[in-house]
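Architecture and fold: a report
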Amino acid sequence: MAMDKNFDATTAEARIVALWDREGAFAAGANKRRDDAFSIMIPPPNVTGSLHMGHAFNNTLQDILVRWHRMRGFDTLWQPGQDHAGIATQMVVERELAKEGKKRTDFTREAFLAKVWEWKAQSGGTIIGQLQRLGCSLDWSRNAFTMSGAPGAPSGEEGNFHDAVIKVFVDMYNKGLIYRGKRLVNWDPHFETAISDLEVENIETDGHMWHFKYPLAGGATYRYIEKDKEGAVIVDEMRDYISIATTRPETMLGDGAVAVHPSDERYAPIVGKLCEIPVGPKEHRRLIPIITDEYPDPLFGSGAVKITGAHDANDYGVAKRSGIPMYRLMDTRAQMRADGAAYAEAAAIAGAVARGERTLSEAEADALNLVPDHLRGLDRYAARKAVIDEITAEGLAVMTVASDPRLGAAAVKPAPATAPGPLGQEVPDQVRDAPVPLVEEKKIMQPFGDRSKVVIEPMLTDQWFVDAEKVVGPALDAVRSGRVKIMPESGEKTYYHWLENIEPWCISRQLWWGHQIPVWYDEDGKMYCAPTETEAQDMALGKRLTRDPDVLDTWFSSGLWPIGTLGWPEQTDELQKYFPTSVLVTGQDILFFWVARMMMMQLAVVDQIPFHHVYLHGLVRDAKGKKMSKSLGNVVDPLEIIDEYGADALRFTNAAMASLGGVLKLDTQRIAGYRNFTTKLWNACRFAEMNGVWEGHATQSAPPAAQATVNRWIIAETARVRETVDAALAEYRFNDAAQALYAFVWGKVCDWYVEFAKPLFDGEDAAETRATMAWVLDQCMVLLHPMMPFITEELWGLTGQRDKLCAHADWPEYGAELVDAEAMREMRWVIGLIEGVRSARAQLRVPVGLKLNMVQLDLDMQGRAALSRNMALVTKLARIASLEEVGSLPKGSITVTVEGGTFGLPLEGVIDIAAERDRLEKTCAKAEKELGGIEGRLRNPKFVASAPDEVVDEARARVLVLTEEMARLRAAITQLDSVA
RNA sequence: GGGCGAUUAGCUCAGUGGUAGAGCGCUUCGUUCACAUCGAAGAUGUCAGCGGUUCAAAUCCGUUAUCGCCCA
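Residues numbered from 1 in each chain as written. Chains lettered and ligands numbered in written order. Predicted model: local features only at pLDDT ≥ 70, side-chain atom pairs only at ≥ 80, totals over all residues. Heavy atoms only, no water.

Moving on, we get to the protein's contact with RNA strand B. Close to RNA strand B lie 47 residues, the nearest being Lys665, Thr679, Lys680, Trp746 and Arg937. Each atom of RNA strand B within 4 Å of the protein belongs either to a base or to sugar and phosphate, the latter forming 65%. Contact distances for RNA strand B include 3.2 Å between a phosphate oxygen and a side-chain N or O atom of lysine 493. At a separation of 2.7 Å, a base oxygen of RNA strand B approaches a polar side-chain atom of lysine 680. For the surface near RNA strand B, the secondary structure elements donating two or more residues are helix H13 (490–500), helix H21 (668–690), helix H23 (734–760), helix H26 (821–843), helix H29 (913–939) and helix H30 (941–946). For the surface near RNA strand B, a count of residues per class yields 16 nonpolar, 14 polar and 17 charged. (Near = heavy atom within 4 Å. Polar contact = N/O pair within 3.5 Å; in protein donor to acceptor, adjacent residues only side chain to side chain. Helix = DSSP H or I, 4+ residues; strand = E, 2+ residues; numbered from the N terminus. Nonpolar A, V, L, I, M, F, W, Y, C, P; charged D, E, K, R; others polar.)

Structure, rendered in structure tokens:
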């Protein structure tokens with residue numbers, strides 16, 4: 001049956017996926033021929049996710065490694081699974097409910113979770129099919145899920161991942177590595193949950209800075225002196241206030257102090273005194289102390305900073321250091337609090353605290369609602385406006401003139417100094433100089449929730465934390481000692497930097513979808529941490545318990561991915577065999593989120609590293625290097641790419657892009673190029689088929705014993721490329737492996753070997769050549785299989801007798817013993833001659849179809865032997881009709897020089913003599929230039945003395961070759977001139 | 001502000017000390033039976049600038065410029 005002209009990727013891919021599945025080709029341990037294990041855990045995609053280019057890239061690399069090891073006979077596992085993605089999944093399901101006009105809170109927690117599981121059963125498997133389309137050889141029978149085995153999990157979700165998560169929490173709690181505490185956390189007012197530092201994106205946005213006066217208590221005054229850089233006095237006045245700058249006026253309500261730098265002389269006279277917060281009912285104005293702290297920057301704003309410990313991270317630090325009370329102002333939706341006692345009462349208590357008459361416990365401070373009654377219940381931005389208006393109305397805003405450039409766009413523009421245009425009317429002085437509040441227009445960094453995209457509110461709340469400082473040591477040591485290697489190396493530096501400055505990790509989330517924290521409280525608030533309620537109840541001796549409603553950060557559970565997917569805490573066979581895993585392949589953007597946390601957690605829990613190598617890669621960008629985003633419209637859908645070019649082309653592109661630390665720019669032109677490469681391979685095999693190469697062929701691990709140089713040569717080239725590919729893959733240089741295979745398959749096999757074979761199929765070497773070609777093409781399929789599994793599996797099935805799948809083909813181990821230096825040198829010479837003839841013909845515009853006679857002016861013994869052995873190849877590929885030895889070149893000949901000889905193509909009257917002369921001169925000049933450089937080096941005695949011998953020898957050899965070539969060219973030029 | 005990285009052909013990128021490569025694009029020619037998703041031939045570089053180390057620097061060191069990414 002004749003092969004089609006092209007590989008039909010669309011139909012073949014689906015068929016081959018089914019074939020692999022039917023054969024169980026990717027089950028753990030499939031094709032095992034040795035005891036060494038090789039295991040990779042997939043970075044679990046979100047259960048809500050669908051395949052994007054990042055996944056496609058990441059999983060292509062993993063699949064290459066996995067297929068390579070499986071073919072090499074390792075006991076291989078590629079573990080699949082999905083992450084339950086707390087916020088994202090809850091969001092998706094809530095959105096579904098919203099379509100029916102329902103809210104999460106219309107359901108009980110259990111009923112809502114049932115809805116989530118229902119959704120998961122219907123839509124949670126999308127990415128599995130998509131990974132299969134990419135050709136990923138995961139062991140799907142082991143598919144894991146980070147919520148498997150949780151209470152309420154339906155049938156089919158009976159795994160024990162939940163047990164692992166709960167066990168780890170309890171263990172870490174008992175070891176004192178997890179604690180509950182009131183700390184400032186990033187609060188997402190949309191999802192009404194805390195999130196970790198890493199889930200916050202700081203984005204520069206347009207903002208404003210207001211300047212307000214905080215009057216000194218009791219009408220006190222001081223002399224305020226401000227100097228410029230040279231020390232000259234620029235302000236010297238009596239003041240009864242301290243000037244504060246803020247970007248968040250609404251938080252003034254919760255101020256606990258005003259801080260200045262200890263070295264700031266301007267405020268030295270009033271440090272320790274009290275000032276008044278200029279908001280709220282006049283009769284209940286709160287007084288707060290003026291304190292010193294290293295945090296305020298004397299050069300920024302007025303140099304004085306208001307301290308709102310409950311709503312700002314920096315202020316929190318100051319408040320902690322100085323024992324300043326922290327008053328929470330907002331509720332879970334970032335609206336001003338409406339709970340607790342009336343403002344007058346709360347303000348009185350806060351006043352007593354400020355005067356040092358009493359202190360507050362954390363809980364008492366948190367219960368105190370210092371939002372004035374008329375602002376209660378307002379959104380934070382509405383409250384901001386009200387605060388600003390009230391202060392300004394009272395005359396306590398710092399004023400400036402309307403033309404002050406600090407006002408930005410709001411400033412009145414001064415009239416142009418020269419040539420006012422028709423519209424550039426003079427702005428009257430009274431308008432320019434009118435007093436207005438100083439509201440600076442400036443860029444501020446604002447925190448946004450990476451999921452909700454709303455402004456994050458720093459909020460003082462009770463949360464659970466991992467005391468990361470206590471578990472970071474072993475994670476650092478593992479990398480420092482080299483037990484875990486992170487690639488590229490720059491990743492290690494980043495890793496150190498983050499871990500050395502680690503902050504407590506907030507792991508509680510105020511969500512329903514996730515692993516509920518295994519802690520119960522009795523009526524006195526005492527905590528009982530246990531794996532089950534029964535065990536907690538046993539500890540609590542008859543007290544009535546309620547469970548902590550919060551769930552754990554999704555990353556806490558995915559931090560256990562390596563052991564959790566292998567059945568831990570049960571001591572399974574798989575755990576014994578496949579843990580620690582071989583390598584983790586993931587994006588550098590989750591180095592902290594996930595990689596570092598897996599390191600910390602695995603080491604803390606089972607005292608072992610989770611993986612030996614970490615391969616980090618960047619973001620896949622568009623062809624111009626821009627991030628792919630929906631708003632830019634430059635998102636490339638991998639499934640569309642697969643539809644258009646085939647999965648193999650996409651995969652090969654991914655491999656070719658994957659240089660260590662490289663930037664990933666995805667260009668469809670490049671994908672098209674690699675699709676062409678698959679076609680090239682296809683057609684080489686088709687050519688072989690048409691020439692009976694596969695007839696009677698069965699898979700052979702060893703190459704045939706070849707006599708013909710050309711066959712010995714291609715066998716040697718195959719051996720060399722196998723060594724290159726293995727060396728590259730061993731170092732995760734996917735791009736080098738791809739490049740080597742591309743150059744070999746296209747540049748050596750298709751461009752030369754197939755062409756060389758054509759004239760041999762009829763001669764005495766026919767049988768040997770067919771056997772060699774079958775073997776070489778087999779090797780192409782095998783070596784390309786990890787990168788291009790579909791077309792290679794298809795070709796494998798269409799050619800020869802196969803005992804097993806290409807996916808299970810034996811990866812070759814041959815190397816140096818097949819490298820035939822003699823054959824390689826000879827074929828290099830033959831190719832040089834053919835290229836010389838072709839180049840000369842093309843440059844002198846000899847018609848391609850014309851077969852020429854060739855004369856041999858002189859040729860050394862090696863050349864004569866090479867030519868006689870390969871004459872059929874030369875005559876076919878250089879289009880030579882006859883060869884004859886001559887004593888001198890006939891008039892009007894083209895000259896072709898080769899190593900050890902000169903040939904001529906007599907073409908009197910056909911060619912342009914001047915053009916031929918130019919060509920020879922140019923070639924000669926090039927050789928001369930190179931020769932000059934090398935001779936210059938050799939003339940330097942220091943070079944000869946210091947450089948390694950082989951470099952010097954190489955230079956000397958090159959001089960000989962170049963000298964000889966130039967002599968031949970000169971002779972040819974002289975000959976041309978003498979005839980002309 | 002701190003950390004990490006990049007700058008090589010028109011474009012996208014390889015290149016860890018021995019005198020610079022690939023793919024795409026471009027130019028010319030060509031449908032002889034594997035392939036026009038092809039073949040043959042060809043042109044193309046102050047390796048960002050400056051300084052240093054070295055017999056030798058795209059490569060190592062320092063510095064400047066520009067551009068990224070991460071963290072404040």
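For the rest of this paragraph, the subject is empty space enclosed by the protein. Counted by the stated rule, this structure contains two cavities of 30 Å³ or more. Of the voids in this model, the largest cavity is the one considered here, and its volume is about 40 Å³. Forming the boundary of the largest cavity are Leu253, Ile277, Val279, Arg286 and Tyr343. Taken together, the residues that form the lining of the largest cavity break down as four nonpolar, no polar and one charged. Computed from the structure, the second largest cavity encloses a volume of approximately 30 Å³. Taken together, Ile42, Pro43, Pro45, His55, Asn58, Asn59, Ile127 and Leu131 make up the full set of residues lining the second largest cavity. Secondary structure elements with two or more residues in the lining of the second largest cavity: helix H2 (53–71) and helix H5 (126–133). Residue contributions to the lining of the second largest cavity peak at three residues, all from H2. For the lining of the second largest cavity, the per-class residue count stands at five nonpolar, three polar and no charged. (1 Å grid on protein atoms, 1.4 Å probe; cavity = no way out; pocket = protein on both sides within 12 Å on 5 of 7 lines; lining within 4 Å. Points joined across faces, edges and corners; volume = space filled by probe spheres on them.)

Bringing the layout of surface pockets into the picture now. Empty space within the second largest pocket amounts to approximately 1,300 Å³. Every residue lining the second largest pocket is counted, 45 residues in all, and those nearest its centre are Gly832, Thr897, Val898, Glu899 and Glu965. Broken down by secondary-structure element, the contributors of at least two residues to the lining of the second largest pocket are helix H22 (709–730), H26, helix H27 (861–869), strand E32 (893–898), H29 and helix H31 (949–979). Top contributing element to the lining of the second largest pocket by residue count: H26, with 15 residues. Broken down by class, the residue content of the lining of the second largest pocket amounts to 16 nonpolar, ten polar and 19 charged. Both domains that furnish three or more residues to the lining of the second largest pocket are identified here as domain 2 (820–911) and domain 3 (913–980). (Domains from an automatic or database assignment.)

Here we come to the sheet that holds strand E30 (residues 852–859). Paired through backbone hydrogen bonds, the strands of a sheet run either parallel or antiparallel to each other. Ordered in space as E31-E30-E33-E32, the four strands form an open sheet in which the pairing is mixed. Edge positions in the sheet fall to strand E31 (880–885) and E32, since each has one partner strand and no second. Within the sheet, the average angular offset between the axes of one strand and its neighbour, ignoring direction, is 25°. Two elements, E30 and E31, share five bridges in a ladder whose sense is parallel. Its bridge partner being in E31, methionine 854 is matched across the sheet by leucine 883. Strand contacts of H26: E30, E31, E32 and strand E33 (901–906), with the helix running at about 155° to E32, the strand carrying the most contacts. In the packing of H27 onto the sheet, contacts are made with E30, E31 and E33, and the angle to E30 comes to roughly 150°. (Pairing = 2+ DSSP bridges. Axes fitted to C-alpha atoms, helices over the stretch in contact; angles between N-to-C directions. Contact = heavy atoms within 4.5 Å.)

In this section: the packing of H26 against H27. Between H26 and H27, the shortest axis-to-axis distance is 10 Å and the interhelical angle comes to 80°. Comparing their axes, H27 and H26 come out roughly perpendicular. Residues Arg825, Glu826, Trp829, Val830 and Leu833 of H26 lie in contact with H27, whose contacting residues are Gln862, Gly863, Ala866, Leu867 and Arg869. Taken together, the residues of the contact of H26 with H27 sort by class into five nonpolar, two polar and three charged. (Parallel < 35°, antiparallel > 145°, perpendicular 65-115°, else oblique.)

Bringing the domain arrangement of chain A into the picture now. With domains assigned, chain A is organised as domain 1 (204–212 + 242–414 + 430–445), domain 2 (820–911) and domain 3 (913–980). In this structure, domain 1 and domain 2 have C-alpha centres spaced 90 Å apart.

Let's shift gears to the pattern of salt bridges. Enumeration according to the criterion identifies 61 salt bridges in this entry. The closest approach of N and O atoms between lysine 99 and glutamate 96, which form a salt bridge, is 3.3 Å. Within this pair, lysine 99 and its partner glutamate 96 are both found in helix H3 (residues 86–99), separated by three residues, close to a single helical turn. By relative accessible area, which is 37% here, glutamate 96 ends up partly exposed. In this structure, lysine 306 and aspartate 255 form a salt bridge, with 2.8 Å as the shortest nitrogen-oxygen distance. With a gap of 51 residues between them, lysine 306 in strand E14 (residues 304–307) and aspartate 255 in the loop between strand E10 (241–246) and strand E11 (257–260) connect regions that are remote in the sequence. Overall, the relative accessible area of 4% leaves lysine 306 in the buried class. (Salt bridge = Lys/Arg side-chain N within 4 Å of Asp/Glu carboxyl O. Buried < 20%, exposed > 50% of the residue type's maximum accessible area, 1.4 Å probe, protein only.)

E10 sits mainly inside the fold: six of its six residues count as buried. Both strand E7 (residues 200–215) and E10 contribute to a ladder of six bridges, which runs antiparallel. Paired with tryptophan 210 across the two strands is threonine 246, which belongs to E10.

Our next topic: the environment of alanine 767. Looking at the element boundaries, alanine 767 is found in helix H24 (residues 766–784). Considering only alpha carbons, one finds alanine 767 and valine 693, 74 residues apart in sequence, at a separation of 8.7 Å.

Before going further, it helps to examine H5. Residues of H5 that are buried: Ile127, Ile128, Gln130 and Leu131. For H5, the buried positions fall inside an angular range of 165° around the axis, keeping them on one side. Looking one or two residues past H5, glycine 135 carries a phi angle of roughly 95°, positive in sign. (Arc of directions from axis to C-beta.)

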